[in-house]
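Results of the structural survey
These are the residues of each chain, in order.
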Amino acid sequence: MEPYERLLASATAEMEDFVSTLGADRVLDVYIGKESRPYRIPESTLSSMSDIFVKAIKYEHLGIDPPGTLRFSGDDETAWKYLLWWKMKGKVPVCDRNLYPTEVLSFVRSWILGDKYDIKEFQDDLMVGLLLCLQVSPLHLTTAKVAFDNMMPSSPLRILMAEEIAHQIRQTDDPSDFPSILSWFEGTVGFTAEIIEALDMYESCGKHLLKRERCVSHRMRFMLGERRWSEG
Ligand SMILES: [Zn+2]
């Protein structure tokens, strides 16, 4: 066979596979969090996102639900909306500027969901959105708390949150505010080390952090995959 014929044959085989998958595809009823109405999601869409979903589908018959039903009752409803939007539209939603604080919280919750199911591209797209929002909108401590309560120490999300808190500490003229900022995170394992490291970052990398515009190599520390950082 000529090389191009071989290429064509393998492309045709792949196409056949693809089409037969479509033919065999089921639509699953997926219940998220406390929502009573399921999302109807094609099996292939779900399995293409995470191996954990593949396993959940494999063992779906172990539940008491009718076939084709999956429940992720512990998951955040908004984060799932972001995940499905991202899967269908190929990007994360970006809202109006004055909604950034709410969006930051949604991005954080979604990043945590991405971590749970190991969907790195989703997490990286969210991270780009997070960095964008945080450039113009200050981080709320309640949002940072969600990250610290749900992620392990040294997770990129926590490092980012620690830097933003360090930013707030550095920007505060009144040092008596520090204890009230830090008291939010009392008892959070690893927080002290992370905040010290973030404050240190100000000494070495401070200039652009003060402007909240992180340099490229800096931003890359928050990315999990192979995503290339494009400026702008
Ligand atoms: Zn930097």
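Each chain has its residues counted from 1, running along the sequence as written. Residue-level local features of this predicted model are given only where pLDDT is at least 70; pairs of side-chain atoms are given and counted only at 80 or more, and the full residue set underlies all totals for whole chains, interfaces and linings.

A word on the overall build of the chain
Counting secondary structure elements, the chain contains 11 helices and 3 strands. Starting at the N terminus, the α and β elements of the chain follow one another as α-β-β-α-α-β-α-α-α-α-α-α-α-α. Across its three principal axes, the chain shows a C-alpha extent of roughly 70 × 50 × 30 Å. Partly exposed residues are those whose C-beta has more than 12 but fewer than 20 other C-beta atoms within 10 Å; 20 or more makes a residue buried and 12 or fewer makes it exposed, with C-beta atoms placed from the backbone. Out of the 232 residues in the chain, the part that is buried amounts to 26%. Residues are scored as being in contact if the C-beta atoms we place from backbone atoms lie within 7 Å. When contacts within the chain are restricted to residue pairs at least 6 apart in sequence, long-range pairs at least 24 apart make up 64% of them. In this text, helices come from DSSP runs of H or I with a minimum length of four residues, and strands from runs of E with a minimum of two, each type numbered from the N-terminal end.

Considerations on the domain arrangement of the chain
Examined at the domain level, the chain breaks down into domain 1 (1-74) and domain 2 (77-232). Summarising the inter-unit geometry, the C-alpha centres of domain 1 and domain 2 are found 32 Å apart. Each partner contributes residues to the interface: domain 1 has 9 residues there, and domain 2 has 7 residues. Those elements giving two or more residues to the side of domain 1 that touches domain 2 turn out to be α2 (43-49) and α3 (51-58). The split of the chain into domains comes from an automatic or database domain assignment.

Focus: the pairing of strand β1 (residues 27-32)
In β1, alternate side chains face the same way, and those of Leu28, Val30 and Ile32 are buried while those of Val27, Asp29 and Tyr31 on the opposite face are not. Two strands pair when backbone bridges link them, and β1 and strand β2 (residues 39-42) are joined in this way by 4 bridges, in the antiparallel orientation. Bridge assignment links Val27 to a residue of β2, and that residue is Pro42. Remark: 6 residues form the turn of the hairpin made by β1 and β2, two consecutive strands paired antiparallel; Gly33 in that turn has positive phi of roughly 55°. Two strands make a pair as long as DSSP finds a minimum of two bridges between them. Sheet analysis places β1 next to strand β3 (residues 69-72), joined by 4 bridges and oriented parallel. Paired with Ile32 across the bridge in β3 is Phe72.

Description of helix α1 (residues 3-24)
A helix is expected to reach a length of 1.5 Å times the quantity of its residues less one. For α1, with 22 residues, the first-to-last C-alpha span of 32 Å sits near the 32 Å given by 1.5 Å per residue. Buried residues are scarce in α1, accounting for 0 of its 22 residues.

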